[in-house]
Amino acid sequence: MTALQTDTTTTTNTTSLPPADSRERVKQLMQQLQDTICDALVKEDGIGTFREDAWEREEGGGGRSRVMRDGSVIEQGGVNFSEVWGKQLPPSILKQRPEAAGHGFFATGTSLVLHPRNPYVPTVHLNYRYFEAGPVWWFGGGIDLTPYYPFAEDAAHLHRQLKKACDAHHPEYYQVFKPWCDEYFYLKHRQEMRGVGGLFFDYQDGTTGKLYRGPHPDGPAAAYSDKVGALEPRSWEDIFAFVTSCSESFLPAYLPIVERRRDLEYGERERNFQLYRRGRYVEFNLVYDRGTIFGLQTNGRTESILMSLPPLVRWEYGYQPEPNTPESELYEIFLKPQDWANWKA
């Protein structure tokens, strides 16, 4: 899952402390998001149901892990809610936000990964989260799409829905958070993106400053953020409303893609390529994903942390797609940054 920290420090927002009921309100948002998505997926799948495991964390907190297996659409997928709290901040947080030292922490979020059965239906990942420790607080999250076969209209649809949600709150959000997503979900050892991206943001705490707070100051997201310059202070309520809109955009962004592709016929070739590309998902989540590190450092539930891994996967030494095939088109176009929101056939 995605992270509760980044690689850039920021100043504490003393002008917009969270409201007294901040933790309860975000918890309710995250639980409602889990419930709404699970209900819609059960209806869309038609066969699969979610098994729920409620768990408790010894140091404080717990969650609800919900997993669907062997559905008509979803081969395996999970939608998880968690809230954890404690006195001992994980090292990954203290390294980036030393001003949080001495305060108890609270973190909550909902995350999902869906691995469809049909290779023409893309895998999707979502994570929205909130962290609070004394005067330090921030929201983070995003969504990204990982297709196995190239359908430009699917990528364009998802990005246009996400841009619509962003534009309702600030005209520059999508312009920064889209390339930030391209940057984050990048496998450096493969020199390729995981998929067609979506949105990614972190450390959004309302401070006067730039939108981009990631580790690559020379990248496109940082460049656009520098062009925009420092934003006016945004309140906790402002960012909470933005995250709410983003979370509500998931179903209209993803389900129409599922409906278009779920019944397309496929064969052994397509299935084998899907399983091969799923290997990239495993590589990213085990090598790079900072949320996995956070979960393990805070003694989270291992089964829930690793829920994002696919049920079946394969690796092939030295694979190269044949020229002029859908597989090669995926590599040549879809695994490189594109302006999907403005894509024209």
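So, here's what we can say about the structure.

1. Some thoughts on the pairing of strand β2 (residues 61–69)
β2 sits mainly inside the fold: seven of its nine residues count as buried. Bridge analysis of strand β1 (residues 50–56) against β2 gives seven bridges, and the strand direction is antiparallel. Paired with R51 across the bridge in β2 is V67. Where β1 folds back on β2, the antiparallel hairpin that results is connected by four residues, among which G60 adopts a positive phi of roughly 135°. As paired elements, β2 and strand β3 (residues 74–86) share nine bridges and run antiparallel to each other. The residue bridging R64 from the neighbouring strand is F81, located in β3. Where β2 folds back onto β3 in an antiparallel hairpin, the turn is made up of four residues, including D70, whose phi is positive at roughly 60°.

2. Quick notes on the side chain of S308
Here S308 lies in the loop between α10 (302–305) and α11 (326–334). Within the structure, S308 has its side chain in polar contact with the side chain of N285 (distance 2.6 Å).

3. Some words on the environment of L275
Mapping L275 onto the fold places it in helix α8 (residues 268–287). By relative accessible area, L275 is classed as buried at 12%. Linking L275 and L312, residues 37 residues apart in sequence, is a C-alpha distance of 6.6 Å.

4. Let's talk about the pattern of salt bridges
As enumerated under the stated definition, the model contains 28 salt bridges in all. E75 is the partner of R271 in a salt bridge, and the nearest nitrogen-oxygen pair spans 2.8 Å. Of the two residues, R271 is situated in helix α8 and E75 in strand β3; the sequence distance between them amounts to 196 residues. The same class applies to R271 as to E75, namely buried. A salt bridge links E283 to R190; its shortest N-O distance comes to 2.7 Å. Of this pair, E283 sits in helix α8 while R190 sits in the loop between β7 (186–187) and β8 (192–193), and the two are 93 residues apart along the sequence. Given a relative accessible area of 10%, E283 falls into the buried group. Linked by salt bridges that have partners in common, D35, E52, R64 and R66 make up one network.

5. Some thoughts on the pairing of strand β5 (residues 123–133)
Counting buried positions along β5 gives 11 out of 11 residues, so the element sits mostly inside the fold. Burial along β5 is two-sided: T123, H125, N127, R129, F131 and A133 facing one way and V124, L126, Y128, Y130 and E132 facing the other are all buried. Of the pairings in the sheet, the one linking strand β4 (residues 105–116) to β5 comprises nine bridges and is antiparallel in character. Paired with S111 across the strands is N127, a residue of β5. Relative to strand β6 (residues 136–146), β5 runs antiparallel, the two being bridged by 11 bridges. Bridge pairing links H125 to D144 in β6. The turn joining β5 and β6, which pair antiparallel and follow one another in sequence, is formed by two residues; a positive phi near 60° is taken by G134.

Basis of the calculations
- Numbering of residues starts from 1 in each chain and follows the order in which that chain's sequence is written.
- Only residues with pLDDT of at least 70 get local features here, since the model is predicted, and only at 80 or more are side-chain atom pairs given and counted; chain-wide, interface and lining totals rely on the full set of residues.
- Derived side-chain values reflect all non-hydrogen atoms in the structure, with water molecules and hydrogen atoms excluded from consideration.
- Relative accessibility thresholds used throughout: buried, under 20% of the residue-type maximum; exposed, over 50%; partly exposed, between the two (1.4 Å probe, protein chains only).
- Put simply, DSSP marks the helices as runs of H or I at least four residues long and the strands as runs of E at least two long, and each gets a number from the N terminus on.
- Paired strands, in this sense, are two strands between which DSSP finds at least two bridges.
- Nitrogen and oxygen atoms within 3.5 Å of one another constitute a polar contact, given that in protein one can donate a hydrogen and the other can accept it, and given that sequence-neighbouring residues count only through two side-chain atoms.
- What makes a salt bridge here is a side-chain nitrogen of Lys or Arg within 4 Å of a carboxyl oxygen of Asp or Glu, nothing more.

Geometric values such as these leave the question of function open.
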